[in-house]
Amino acid sequence: MFYISLVILGVLFLYLGAELLVRSSCRLALFFGLSPMIVGLTILAFATSMPETISAVVAQLQQNASDIVMGDVIGSNIANIGLIGCLVLAIFPQAIPKQIRYREMPVLLASALFLTAVMAKGQILRSDGLILLLMFLGIFALQFFLEKKNPHKVILPTGYSHRPIWDLLLLAGGILLLFGGAYALIKGAIGLASWWGVQQRIIALIVVAIGTSLPEMATSLVAAIRHEKEMAIGNLIGSNIFNGLFIIAIASFVQPLTFSRHFFNIDVPVMFFFMFFLWMLSFVPIKMVRSLSIAGLIGYLGYISFLL
């Protein structure tokens, strides 16, 4: 009962934190002249990926926990598209913006290919982590450069008031709620999974990955409800880039990663399948988005069933 209570409390905190993040980020985007896409790819991606970052550092401080780190990152990347992206598009069918189709998705695939190449030897050293971190910084520097090169007109809504300090406080409060919610959820979920006697890799790919991806789910759903489709999808893509490059880099700095070959042979191909699936959705007519997204959800459930 204790672990179940932690899970429920964690979900509540994660949703409240995501609501604060979307509200404050949208207003900050208007105030600073940033597009919702950039906010989703940077601020929201960073904030909603904090649970994965914390989990990775804590896991690396423990002995033989590299499978937890890799499972959390790869499992979260799969869940972000197969579960969250497909769920958002199934409930709120929408045309995926061309910018995502032609710019963000190729960048995501390139970062995933780079991570896969680094993983090929079954170990990620600190030197590998440094290269991943430099690539991560380069990608986001490129995003801001392209944004400045292609300025857009920001239209302030009627009654909008400039309150950046208040919005920054709300943003900070949302991040704190995400921290607290993620801690409670992960502790409760791992407690339940350990009680059932599940392996570390499976715990990480399912329980930890879905648990730490709930901020992305709540944030993207709230953004979709508010018709911020660029932020809803941009948050997921930015989070995947963040997970695969930044989190792995930070974890390798704490301690080199040595992980199971099952990740490379099974889970990485599944991750690429869902990335290409999202890219394909950006090309199809909007009337097909819902049915294909439901098919993607079924595919994700099939993957989870295979793991179990």
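Note that this is a predicted model, so its numbers are computed, not measured.

1. Comments concerning helix 4 (residues 66-91)
Taking 1.5 Å per residue as the helical rise, helix 4 with its 26 residues ought to reach 38 Å, and the 36 Å between its terminal C-alpha atoms agrees with that figure. Ala-79 marks the point of greatest bend in helix 4, at about 35°. With respect to burial, helix 4 is a largely interior element, 24 of its 26 residues being buried.

2. Comments concerning the pattern of salt bridges
With the rule as written, the count across this model stands at three salt bridges. Here Arg-103 ties to Glu-104 by a salt bridge, and the two come within 3.1 Å at their closest N and O atoms. By relative accessible area, which is 1% here, Glu-104 ends up buried. Salt-bridge contacts for Asp-128 lead to Lys-121; the nearest nitrogen and oxygen are separated by 2.8 Å.

3. A closer look at the packing of helix 4 against helix 11 (residues 286-307)
At their nearest, the axes of helix 4 and helix 11 sit 8 Å apart, and the two run at 145° to each other. Here the hand of the crossing between helix 4 and helix 11 comes out left-handed. Contacts from Ile-78, Ala-79, Gly-82, Leu-83, Cys-86, Leu-87, Leu-89, Ala-90 and Ile-91 of helix 4 reach helix 11 at Val-289, Arg-290, Ser-293, Ile-294, Gly-296, Leu-297, Tyr-300 and Tyr-303. Of the residues that constitute the contact of helix 4 with helix 11, the class distribution is 13 nonpolar, three polar and one charged.

4. Quick look at the packing of helix 3 (residues 50-60) against helix 8 (residues 200-225)
The contact between helix 3 and helix 8 brings their axes to 8 Å, and the two run at 160°. It follows from the interaxial angle that helix 3 and helix 8 lie roughly antiparallel. Crossing of helix 3 over helix 8 shows right-handed handedness. Across from Pro-51, Glu-52 and Ser-55 in helix 3, the residues of helix 8 making contact are Thr-212, Ser-213, Pro-215 and Glu-216. Its residues assigned to classes, the contact of helix 3 with helix 8 comprises two nonpolar, three polar and two charged.

5. What to know about the nonpolar core
Within the largest apolar cluster, 83 residues are counted, with the highest numbers of intra-cluster contacts made by Met-70, Met-119, Ile-124 and Ile-248. Setting aside chain neighbours within four positions, we find Met-119 in contact with Met-70, Ile-74, Ile-124, Phe-259, Arg-261, Phe-263, Phe-264 and Val-268.

6. Regarding the confidence of the model for the protein
Mean pLDDT for the protein: 82, with 88% of residues reaching 70 or above. Mean pLDDT per element in the protein: helix 2 (residues 36-48) is the minimum at 66, and helix 11 is the maximum at 94. Predicted confidence for residues 153-160 stays below pLDDT 50, and this span has nine contacts to residues more than four positions away or in other chains.

Definitions and cut-offs
- Residues numbered from 1 in each chain as written.
- Predicted model: local features only at pLDDT ≥ 70, side-chain atom pairs only at ≥ 80, totals over all residues.
- Heavy atoms only, no water.
- Helix = DSSP H or I, 4+ residues; strand = E, 2+ residues; numbered from the N terminus.
- Expected span 1.5 Å × (residues − 1).
- Bend = angle between axes of the 7 residues up to and from the residue.
- Buried < 20%, exposed > 50% of the residue type's maximum accessible area, 1.4 Å probe, protein only.
- Salt bridge = Lys/Arg side-chain N within 4 Å of Asp/Glu carboxyl O.
- Axes fitted to C-alpha atoms, helices over the stretch in contact; angles between N-to-C directions.
- Left-handed = near helix turned anticlockwise from the far one by under 90°.
- Contact = heavy atoms within 4.5 Å.
- Nonpolar A, V, L, I, M, F, W, Y, C, P; charged D, E, K, R; others polar.
- Parallel < 35°, antiparallel > 145°, perpendicular 65-115°, else oblique.
- Core = buried A, V, L, I, M, F, W, Y, C linked by side-chain atoms within 4.5 Å.
- pLDDT = per-residue confidence, 0-100.

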